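Okay, here's what each chain looks like letter by letter:
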Amino acid sequence: MPVDHRGGDDPGRRDGHEGLAEPAAQRAQPRFRIERWHRYSLYALLAGLWLSGLIWLLVRYTLRTVTEYGEVPHVAEHPLMQLHGALLWFWLFLWGSLLLQHIRRAHQAQRNRRSGWTLISLLLVVSVSAYGLYYLAAENSRPVWSWLHAGSGIVLPLILFWHIRRGRRQQA
């Protein structure tokens, strides 16, 4: 049985919209576009994560004070890390909500796979490196985890932009 990517008039639907016909224009194209509120929330959270991480890097590597007892962390390092972690929870919730609607449908329709899987892979690297920094990193491996996380996080908006651009080109 073919898979319906539209989420339209499907006899197996259990969302209260069984038997409601969609307009012909909606039936013609599968829907991969994320709703505006969802898209803007993801963009805002990613911007917040990216900026808090970038500012933390700048503070960490340019504003630390060296005393006779060693390096002293800047006062902004800890609050920036807390903000970064708090934003992450909301980002993960919204990111997870894309799995069923957006990612699965686009994958089954064979749309935008290269950039989509690149984005997913990069998000996996960012996530695993964050976990590694928090739970696994020993003192000697911490710089490797840290630069892996920072490097992949810095590149993430570029890959997201590439993914969005390719998707919109395919749509036109």
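First, a word on what this report is: a plain description of the structure on this page. One numbering rule holds for all chains: residues counted from 1, following each sequence as written. Whole-chain, interface and lining totals are the exception, using all residues; otherwise, since this is a predicted model, local features are given only for residues with pLDDT of at least 70 and side-chain atom pairs are given and counted only at 80 or more. Excluding hydrogens and water, the side-chain figures rest on all heavy atoms present in the structure.

### A look at the overall build of the protein chain
So, point 1. Regarding its fold elements, the protein chain presents 5 helices and 2 strands.
So, point 2. For the purposes of this entry, the term helix denotes a DSSP run of H or I that reaches at least four residues, the term strand denotes a run of E that reaches at least two, and both are numbered from the N terminus. Secondary structure elements of the protein chain, listed N to C terminal, follow the sequence α-α-β-β-α-α-α.
So, point 3. Looking at the protein chain as a whole, 29% of its 172 residues are labelled buried.
So, point 4. We call two residues contacting when some pair of their heavy atoms lies within 4.5 Å. In the protein chain, once contacts between residues fewer than 6 apart in sequence are set aside, the share between residues at least 24 apart is 68%.
So, point 5. Here the Shrake-Rupley method, with its probe set to 1.4 Å, supplies the accessible areas, and only the displayed protein chains count as covering residues. Accessible surface, the protein chain: about 12000 Å² in total, of which carbon and sulfur atoms supply 65%. Residue exposure (1.4 Å probe, protein chains only): buried if accessible area is under 20% of the type maximum, exposed if over 50%, otherwise partly exposed.

### Re the pattern of salt bridges
So, point 1. What counts as a salt bridge is simple: a side-chain nitrogen of Lys or Arg found within 4 Å of a carboxyl oxygen of Asp or Glu. Across all of its chains, the model carries 2 salt bridges by this definition.
So, point 2. Note that R64 and E77 form a salt bridge whose closest N and O atoms lie 2.8 Å from each other. Of this pair, R64 sits in the loop between α2 (36–62) and β1 (65–67) while E77 sits in helix α3 (residues 77–108), and the two are 13 residues apart along the sequence.
So, point 3. Exposure remark for E77: the relative accessible area of 8% places this residue in the buried category.
So, point 4. Three or more residues are tied together by salt bridges with common partners; here these are R64, E71 and E77.

### A short note on the packing of aromatic side chains
So, point 1. Between 30 and 60 degrees the pair is tilted, below 30 it is stacked and above 60 it is edge-to-face, where a pair is any two Phe, Tyr or Trp rings, Trp via its six-membered ring, whose centres lie within 6.5 Å. Across all of its chains, the model carries 5 aromatic pairs by this definition.
So, point 2. Taking the centre distance of 6.4 Å and the plane angle of 45 degrees together, the rings of Y40 and Y43 count as tilted. Here Y40 and its partner Y43 are both found in helix α2, 3 residues apart, which amounts to about one turn of the helix.
So, point 3. Ring pairs connect the aromatic residues Y131, Y134 and Y135, which therefore count as one cluster.
So, point 4. Above the face of the Y40 ring, R39 is positioned so that its terminal group lies 5.6 Å from the ring centre.
So, point 5. Directly above the ring of Y61 sits R60, whose terminal nitrogen or CZ lies 5.5 Å from the centroid. Working rule: Lys NZ or Arg CZ, within 6 Å of ring centre, within 35 degrees of ring normal, means a charge sits over the ring.

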